[in-house]
Amino acid sequence: PRRILEPLSWAPVAMPELGYWQIHIVALRINGVELDVCKDGTCRGVVDTGTSHLGIPAPADAEVASLLTTDAGDMLDCRLAEAPEIEIELEGYNVTLHPFNY
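Residues numbered from 1 in each chain as written. Predicted model: local features only at pLDDT ≥ 70, side-chain atom pairs only at ≥ 80, totals over all residues. Heavy atoms only, no water.

J.: Sorry if this is basic, but what is going on with the overall build of the chain here?
T.: Secondary structure summary: the chain contains one helix and five strands in total. Going residue by residue from the N terminus, the α and β elements of the chain occur as β-β-β-α-β-β. Overall size of the chain, expressed as C-alpha extent along the three principal axes, is 50 × 40 × 25 Å. Within the chain, buried positions represent 21% of all 102 residues. Counting contacts in the chain only where the partners sit at least 6 residues apart, residues at least 24 apart contribute 45% of the total. Carbon and sulfur atoms provide 55% of the accessible area of the chain, an area that totals close to 8000 Å². Charge centroids of the chain, computed over 6 positive and 16 negative side chains, lie 10 Å from each other. (Helix = DSSP H or I, 4+ residues; strand = E, 2+ residues; numbered from the N terminus. Buried < 20%, exposed > 50% of the residue type's maximum accessible area, 1.4 Å probe, protein only. Contact = heavy atoms within 4.5 Å. Areas by Shrake-Rupley, 256 points an atom, 1.4 Å probe, with all protein chains shown as cover. Lys, Arg positive; Asp, Glu negative; His and termini not counted. Charge placed at Lys NZ, Arg CZ, Asp CG, Glu CD.)

J.: Where do I start with the pattern of salt bridges in this structure?
T.: Side chains that carry opposite charge are capable of pairing whenever their charged atoms lie near each other. Following the criterion strictly, the structure yields three salt bridges and no others. Two residues, Arg29 and Glu89, come together in a salt bridge whose shortest N-O distance is 2.5 Å. Placement of the pair is Arg29 in strand 1 (residues 22–30) and Glu89 in strand 4 (residues 86–90), with a sequence separation of 60 residues. Given a relative accessible area of 17%, Arg29 falls into the buried group. Lys39 is the salt-bridge partner of Asp36, the closest N and O atoms lying 3.4 Å from each other. The residues Asp36 and Lys39 share a single accessibility class, namely exposed. (Salt bridge = Lys/Arg side-chain N within 4 Å of Asp/Glu carboxyl O.)

J.: I would appreciate a short explanation of the side chain of Arg29 in the present structure.
T.: Of note is the side chain of Arg29, whose polar atom sits 2.5 Å from the side chain of Glu89. Among all residues touching Arg29, those that are not within four sequence positions of it are Glu34, Glu85, Ile86, Glu87 and Glu89. (Polar contact = N/O pair within 3.5 Å; in protein donor to acceptor, adjacent residues only side chain to side chain.)

J.: Hey, could you run me through the state of the cysteines in this one?
T.: Disulfides are covalent bonds that link the sulfur atoms of two cysteine residues. Tallying each qualifying case throughout the model produces one disulfide. Bridging Cys38 to Cys43, the disulfide has an S-S length of 2.1 Å. Exposure class is identical for Cys38 and Cys43. Each is buried. (Disulfide = S-S within 2.5 Å.)

J.: Quick question: what am I supposed to make of the pairing of strand 5 (residues 93–97) here?
T.: Regular strands place side chains that alternate from one sheet face to the opposite one. Note that strand 4 and strand 5 share five bridges and pair antiparallel. When the bridges of strand 5 are listed, Ile88 appears paired with Val95. (Pairing = 2+ DSSP bridges.)

Below, the structure written as structure tokens:
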């Protein structure tokens with residue numbers, strides 16, 4: 001409990017018969033702007049603590065990559081670049097990824 005910043009939250013597993021931790025994603029926002037990718041209500045994601053990969057289906061992947069790409073110029077450490085937040089809205093709560101998270 002001393003190592004977490006917020007209380008634990010749980011999301012229901014969508015389609016448990018498939019055998020993995022797939023959850024429903026209500027919305028995806030970058031810098032506060034909601035993308036169209038989840039607006040039809042069929043958006044889902046797989047939770048895997050063993051990877052740092054954020055997989056987004058085409059053609060939305062190109063839009064997300066474009067929104068997250070920033071010119072680093074002469075910067076040697078890309079972690080210092082100004083970048084937007086990613087917000088993943090789940091059923092009942094949001095997961096926010098700050099630039100230092102990704």
